[in-house]
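Here is what each chain is made of, one letter per residue.
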Amino acid sequence: MKPLKLKMTAFGPYAETEEIDMTRLGDRGVYLITGDTGAGKTTIFDAITYALYGEPSGSVRDDSMLRSKYASPATDTFVELTFIYNGKTYTVRRNPEYEHPKTRGEGMTKQLAKAELHYPDGHIVTKTNEVTAAVTEILGVDRDQFSRIAMIAQGEFLKLLLAPTEERKNIFRQIFQTGHYQKLQEKLKIDAAE
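Definitions and cut-offs
- Residues numbered from 1 in each chain as written.
- Predicted model: local features only at pLDDT ≥ 70, side-chain atom pairs only at ≥ 80, totals over all residues.
- Heavy atoms only, no water.
- Core = buried A, V, L, I, M, F, W, Y, C linked by side-chain atoms within 4.5 Å.
- Buried < 20%, exposed > 50% of the residue type's maximum accessible area, 1.4 Å probe, protein only.
- Helix = DSSP H or I, 4+ residues; strand = E, 2+ residues; numbered from the N terminus.
- Contact = heavy atoms within 4.5 Å.
- Pairing = 2+ DSSP bridges.
- Axes fitted to C-alpha atoms, helices over the stretch in contact; angles between N-to-C directions.
- Salt bridge = Lys/Arg side-chain N within 4 Å of Asp/Glu carboxyl O.

### As for the nonpolar core
The nonpolar side chains of a soluble globular protein tend to be buried with one another. In this structure, Leu 52, Leu 117 and Leu 139 are the most contacted members of the largest nonpolar core, which totals 29 residues. Among the elements of the structure, β1 (2-11), α1 (41-53), β3 (78-85), β4 (88-95), β7 (114-118) and α2 (128-139) are those that each provide at least two residues to this core. With seven residues, α1 is the largest single contributor of residues to this core. Setting aside anything within four residues of it in sequence, one finds Leu 52 in contact with Met 1, Leu 81, Phe 83, Val 92, Arg 94, Thr 132, Val 135, Leu 139 and Phe 146.

In structure tokens, the structure reads:
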């Protein structure tokens with residue numbers, strides 16, 4: 001999975017819209033996000049992971065912390081990620097549940113969490129759980145695996161290195177799509193035993 005563009009509105013510390021165009025970084029290489037403590041590096045990871053899986057990247061933040069406390073009450077909160085996987089371009093957009101002013105009358109109303117996944121062929125999936133399932137199917141990894149391998153955030157790589165051997169095997173098998181080799185190996189063992 002290669003991220004192309006990330007758009008965050010009223011998300012985390014960002015009161016307005018922030019857009020990161022990763023196509024400007026070129027076609028190859030690894031992205032490294034650096035900066036001082038509190039500069040917003042983890043917010044970028046949170047936005048990418050939230051867009052894909054409906055949860056922030058780490059275990060410290062929860063959905064109630066995603067809406068910017070600096071945003072205007074009328075500003076919608078959402079993240080939108082455009083990415084390429086296997087040569088195909090997808091766009092996923094999500095917003096967390098949050099409160100905003102009523103359009104008529106006074107007081108506040110709840111904006112429910114929503115998600116949309118746009119496929120390259122124009123097909124759209126719109127239910128939050130279905131979007132998460134579709135992203136998991138497309139990428140071949142779930143949120144926990146993604147957080148451990150695709151975005152090595154503040155010590156998360158250490159968790160992958162220290163994971164039990166069987167868990168590491170499963171993660172790498174999904175990443176490199178080598179499950180069919182394992183099946184072949186198991187069949188050859190059975191054939192040899194016979």
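### Side note on the sheet that holds β7
Spatial ordering of the open sheet is given by β2-β1-β3-β4-β7-β8, a layout of six strands whose pairing is antiparallel. With one partner strand each, in any of the chains shown, β2 (14-21) and β8 (124-125) form the two edges of the open sheet. Across six bridges, the pairing between β1 and β2 is antiparallel. Considered in β2, the bridge of Met 8 is made with Glu 18. Packed onto the sheet, α1 meets β1, β2, β3 and β4 and runs at close to 100° relative to β1. Contacting β3, β4, β7 and β8, α2 runs over the sheet at an angle of about 40° to β7.

### Quick notes on the environment of Ala 133
Relative to the assigned elements, Ala 133 resides in helix α2. According to the relative accessible area criterion, Ala 133 is partly exposed, its value standing at 46%. Considering only alpha carbons, one finds Ala 133 and Tyr 53, 80 residues apart in sequence, at a separation of 8.3 Å.

### Side note on the pattern of salt bridges
The tally for this structure, following the rule as stated, stands at six salt bridges. In this structure, Glu 97 and Lys 110 form a salt bridge, with 3.5 Å as the shortest nitrogen-oxygen distance. Here Glu 97 is found in the loop between β4 and β5 (98-101), whereas its partner Lys 110 is found in strand β6 (residues 108-111), with 13 residues between them in sequence. What makes Glu 97 partly exposed here is its relative accessible area of 43%. Since its relative accessible area comes to 47%, Lys 110 is described here as partly exposed. With a shortest N-O distance of 2.7 Å, Arg 143 and Asp 144 are connected by a salt bridge.

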